[in-house]
Amino acid sequence: MGHLLLLTFTLLSSYFHLLRLVDAQRLFTIRNVTLTIEPGTAVARGTNVTVRCNAVISSSGGEALSREYTIYKDSMKVYTKTSSTAEDLLYPLPDVRVSNTGKYKCEINIEGKQQASEVKKLTVTGLSKPVLHTPNVVVSEQGEVTATCRAPGETGSIYFYFYEDSNVILENQASSNLLETRFHLSRPGIHKIHCTYSVFVMPEVLNSEKSNTVTVSVQELNIAPVMKIFPQSKIYEGDHLTITCSINTSLQSSESVHLYLSQGTQLLSTAATKVNHSLVALVTDPGEFECRAEIGNVAKVSTEKISVTELFSAPTLTMSPAEVFQREYMTLTCKSESYAAERLNRRELTYTLEPPENLLVSRSAGVFTGKALPYDFNYTCVARARGIVKRSETLTVRPKVSVSTPKISVVGRAVLGQPFKILCQSDTGSLPINYTLLKDNAQLSTTSVKQPFEQALFTVTINESDEINKYVCAAKNNHRGHLLSKKINATVIVPLSRASLTVIPTLTEISEGDHLYLICGIKGTPPITFKWYRLGNRQPLLTNTSNINTMDYQVHRLSKEHSGTYYCEAINHANTVVRSEMVTIEVHLALWKKALIGGFCLLVVSVLVVVLVLYFKSKRGRLDRAADSVWSERPPEAASDEVSSVVSSEPDVEYTEVVHPQPVDPARVPLRKGTDTIYSELKNIPQGAADQHDYQGSVEYAELNVEQPEIRHYHPEITKYQDLPAPVDQ
């Protein structure tokens, strides 16, 4: 039996395990979720609307899956339902109102898998007409009106408004579709009341039409305040007034009555049944009095006006003279222009000045004299008569300051021959101030300074430097005489002229290695800015400012590269540029270089002379030997040759001139400048006469231009034939 039970349990366990495996392996997918609103998305109030949610699901099993549906309105959850069927979810909205307007959405959840539909908006139009009800249509003046406004069938957030004609009496929000409230009506009589409501459908506000109109009658309370004023006429300033405020009523009310007496906005007195008040009449006080009776929220008012005649006018305070200078005498006059002669004698009027420390003395009624203070001061006149006190407007006395001795100066710089401005100015003095420029006590021009920022400027031109010291200015701002300034003391700038450039050393003595000074001189007023230029360069070689009229530019250890054309420019505060003439500088060779070159040249010449002397000496020796050979005595057989030479052609003659630069022996022979001519005769042997000894010779002339001792050469006749050159066989 136990085995059977064990077998049965095992089979059942296997079965249920297989079922779980099948369920676990079942697959599904949410294909689509759709939301629709029936019969449409825009409906009128009272329509039955259905929100339908349809889900298309594909699964591997045959059984329907458990589905959880959720409906949202304006992102807020409004409905939830779980279903195991594939049927659509229906969310009914019966007899819809505008509060049902909103955006709807459906969401489905299956085993943690979610999907939502698109959003659809439902719009409901039309509000029901509100209904106003009041239980009592007749109320007393102090009573309250009870009213109820209802919005039939409406839901949601509703605001109710109550109106009297077109004026809002009250407004409030209700959690339901009706509101009951109480309020007071302002005055007795017939009042027409209606109500409206508004429904808030975010983000819109929908307003209803007007409700029915209810007429409410308000009955006036039998209560009246009474006010009496004594005296009632011909009231003058200073008269004593007595005022009473009371109430006349037959009303039997549990609420107490309060009386208030006021003049303008000032509350004079208050009481429960009657008010008594006394005061002095003043023309400046408001002439209207009010007696006010209040019971609950009801107020009754009685007003009275009085006319107060002025006893005397407010005084006026004046000063003479109209303008006064510090510590000068002045007079203040205080006076009331009018007074009630039937009530007041002018002698009863007294005048005083405030504050008491004014330091002025009363000379007569309302007349005060004294010296003006050295600073501004406020004065007020006080007039008194029969207890009435009146004050004048405050008079501020601003004593003027006498002008101080003016100072004269040049604005900027005074340049000779150019217009410049002269400033005349006083350190102290009340405006306006008249300034006059004078030259040698003669008035040139006058100007008036009326504003603090203005200046007295005069434009002048001078042609001589000392002419500027002739100017003075005068200042005046009162009835006194002018105050003269000192003579102007300023430096006159003379424009530059006559620029010159001086070169040291002189132009002909400038050599390499020298120290060069280019001195720029100018006429005019320093400080002067000098600039040195080299032609071809835009930038100056040197710029310097000097308080004297000359300045130099120095070049140390000159070289050939410093050769060029130079000039200088100068400018001072007259802003006129002056340029010197151009100077061309040529740097010569240094003295030691010249000496070296001269020595070298002398050495070269000496060498050449020695070479030439040696050369001519050697050549002269050869010529002497040749002459000795040509003019030597001939042999006896030469006579026959002379016969044959007669018939031959003339011998050829060659002349040679030799110049000797110096004598051969100046110590032994006197010098003579001339030409020595050496004649050499050479005889040419004709062809075919080799066996003959007749020669026709040629003569060679050598002419020597030398400075040497006169030498005469005596050549003996050629007598030997062996001295002649041997004939050459052809």
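Every chain begins its residue count from 1, and numbering advances along the sequence as written. Since the coordinates come from a predicted model, pLDDT governs what is reported: local features require at least 70, and pairs of side-chain atoms require 80 or more to be given and counted, while whole-chain, interface and lining totals use all residues. Computation of side-chain values: all heavy atoms of the structure, hydrogens and water removed.

K.L.:
Quick question: what am I supposed to make of the overall build of the chain here?
P.N.:
Each helix is a run of DSSP H or I of at least 4 residues and each strand a run of E of at least 2, with the numbering of both proceeding from the N terminus. Counting its secondary structure elements, the chain contains three helices and 55 strands. Looking at the 730 residues of the chain, the share that counts as buried comes to 35%. Exposure classes here rest on a 1.4 Å probe applied to the protein chains alone. A residue is buried below 20% of its type maximum, exposed above 50%, and partly exposed in between.

K.L.:
Which parts of the structure should I look at to understand the sheet that holds strand 12 (residues 145-150)?
P.N.:
Strands pair in a sheet through their backbones, by hydrogen bonds, and they do so in one of two ways: parallel or antiparallel. Any two strands are treated as partners once DSSP identifies two or more bridges connecting them. Sheet architecture is open: three strands sit in the order 10-12-15, paired in antiparallel fashion. Only two strands of the sheet have a single partner each, and these edge strands are strand 10 (131-133) and strand 15 (178-183). On average, each strand axis in the sheet is inclined to that of its neighbour by 20°, with strand direction left out of account. Pairing of strand 12 with strand 15 involves six bridges; the strand directions are antiparallel. The residue of strand 15 that forms the bridge with Arg 150 is Leu 178. For helices, the axis comes from a line fit to the C-alpha atoms of the stretch in contact; other axes are also lines fit to C-alpha atoms, and the angle between any two N-to-C directions lies between 0 and 180 degrees.

K.L.:
Mind showing me how you'd approach the environment of Lys 487 here?
P.N.:
Locating Lys 487 in the fold gives a position in the loop between strand 43 (483-484) and strand 44 (492-493). Only heavy atoms enter the contact rule, under which two residues are in contact if any of them lie within 4.5 Å. Filtering out sequence-adjacent residues up to four positions away, Lys 487 remains in contact with Ile 408, Asn 469, Tyr 471 and Val 472.

K.L.:
What's the story with the packing of aromatic side chains in this structure? I'm lost.
P.N.:
For any pair of aromatic rings, the description consists of the separation of the ring centres together with the inter-plane angle of the planes. Classification of ring pairs uses Phe, Tyr and Trp, with its six-membered ring standing for Trp, and accepts pairs whose centres are within 6.5 Å; under 30 degrees between planes counts as stacked, over 60 as edge-to-face, and the remaining range as tilted. Counted according to the given criterion, the structure contains ten aromatic pairs. Consider the rings of Tyr 533 and Tyr 567, whose centres lie 5.3 Å apart with planes at 10°: the pair is stacked. Residue Tyr 533 is located in strand 47 (residues 528-534), and its partner Tyr 567 is located in strand 50 (residues 564-571); the two are separated by 34 residues in the primary sequence. The burial state of Tyr 533 is the same as that of Tyr 567; both residues are buried. Where Tyr 615 meets Phe 616, the ring centres are 5.2 Å apart and the plane angle is 65°; that geometry is what we call edge-to-face. Of the residues examined, Phe 616 reaches a relative accessible area of 14% and is grouped as buried. Each member of the aromatic cluster is reached from another via a ring pair, and the members are Tyr 159, Tyr 161 and Phe 200. The criterion is that NZ of a Lys, or CZ of an Arg, lies within 6 Å of the ring centre and within 35 degrees of the ring normal, and then a charge sits over that ring. In this structure, Lys 113 is placed above the aromatic ring of Phe 28, and the distance from its NZ or CZ to the ring centre is 5.8 Å. Note that Lys 390 overlies the ring of Phe 312, its terminal NZ or CZ placed 5.0 Å from the centroid.

K.L.:
Can you help me understand the pattern of salt bridges in this one?
P.N.:
In a structure, side chains of opposite charge can pair up when their charged atoms sit close to one another. A pair is scored as a salt bridge if a Lys or Arg side-chain nitrogen falls within 4 Å of a carboxyl oxygen belonging to Asp or Glu. Scanning the entire structure with this criterion turns up 17 salt bridges. The partner of Arg 579 in a salt bridge is Glu 569, and the shortest N-O contact between them spans 2.7 Å. Placement of Arg 579 in strand 51 (residues 578-579) and of Glu 569 in strand 50 is noted, with a sequence separation of ten residues between them. By relative accessible area, Glu 569 is classed as buried at 14%. Sharing partners across several salt bridges, the network here consists of Glu 38, Arg 52 and Asp 88.

K.L.:
For this particular structure, what's the right way to read the sheet that holds strand 46 (residues 516-523)?
P.N.:
Spatial ordering of the open sheet is given by 45-46-49, a layout of three strands whose pairing is antiparallel. Only two strands of the sheet have a single partner each, and these edge strands are strand 45 (497-504) and strand 49 (550-555). Strand-to-strand twist in this sheet, taken as the mean axis angle between neighbours without regard to direction, amounts to 15°. Relative to strand 46, strand 45 runs antiparallel, the two sharing six bridges. Within the sheet, the bridge partner assigned to Ile 504 lies in strand 46 and is Tyr 517.

K.L.:
Just checking my understanding: could you explain the state of the cysteines for this structure?
P.N.:
Simply put, the disulfide is a covalent bond whose two ends are the sulfur atoms of two cysteines. Pairs of cysteine sulfur atoms within 2.5 Å are what we label disulfides. Under the criterion given, the structure shown has six disulfides. Note on cysteine connectivity: Cys 424 is disulfide-linked to Cys 473, with sulfurs 1.9 Å apart. Taking the sign of the torsion about the S-S bond as the criterion, the disulfide between Cys 424 and Cys 473, at about 75°, is right-handed. With Cys 424 in strand 38 (residues 420-425) and Cys 473 in strand 42 (residues 471-476), this pair connects stretches of sequence that are 49 residues apart. For Cys 424, a relative accessible area of 2% puts it in the buried group. Given the relative accessible area of 0%, Cys 473 is considered buried.

K.L.:
Sorry, what's going on with a nonpolar patch on the surface here?
P.N.:
Together, Phe 200, Met 202 and Val 205 line one region of the surface with nonpolar side chains, adding up to about 300 Å² of accessible area. Position of Phe 200 relative to the elements: it lies in strand 16 (residues 189-201). Patch membership requires more than 30% relative accessible area and the absence of a salt bridge. Residues of like charge join within 9 Å; the nonpolar side chains Val, Leu, Ile, Met, Phe, Trp and Tyr join within 5 Å. Exposure was quantified through the Shrake-Rupley algorithm and a 1.4 Å probe, taking into account, for residues, occlusion by the shown protein chains and nothing else.

K.L.:
Is there a simple way to explain the nonpolar core in this structure?
P.N.:
Grouped burial of nonpolar side chains is what soluble globular proteins tend to show. Residues belong to a common nonpolar core when they are buried Ala, Val, Leu, Ile, Met, Phe, Trp, Tyr or Cys residues joined through side-chain atoms within 4.5 Å. Formed by 46 residues in total, the largest nonpolar core has its most connected members in Leu 93, Tyr 104, Ile 108, Leu 122, Phe 160 and Phe 162. Counting 24 residues, the second-largest nonpolar core is a separate cluster that includes Leu 311, Leu 344, Ala 383 and Val 397.

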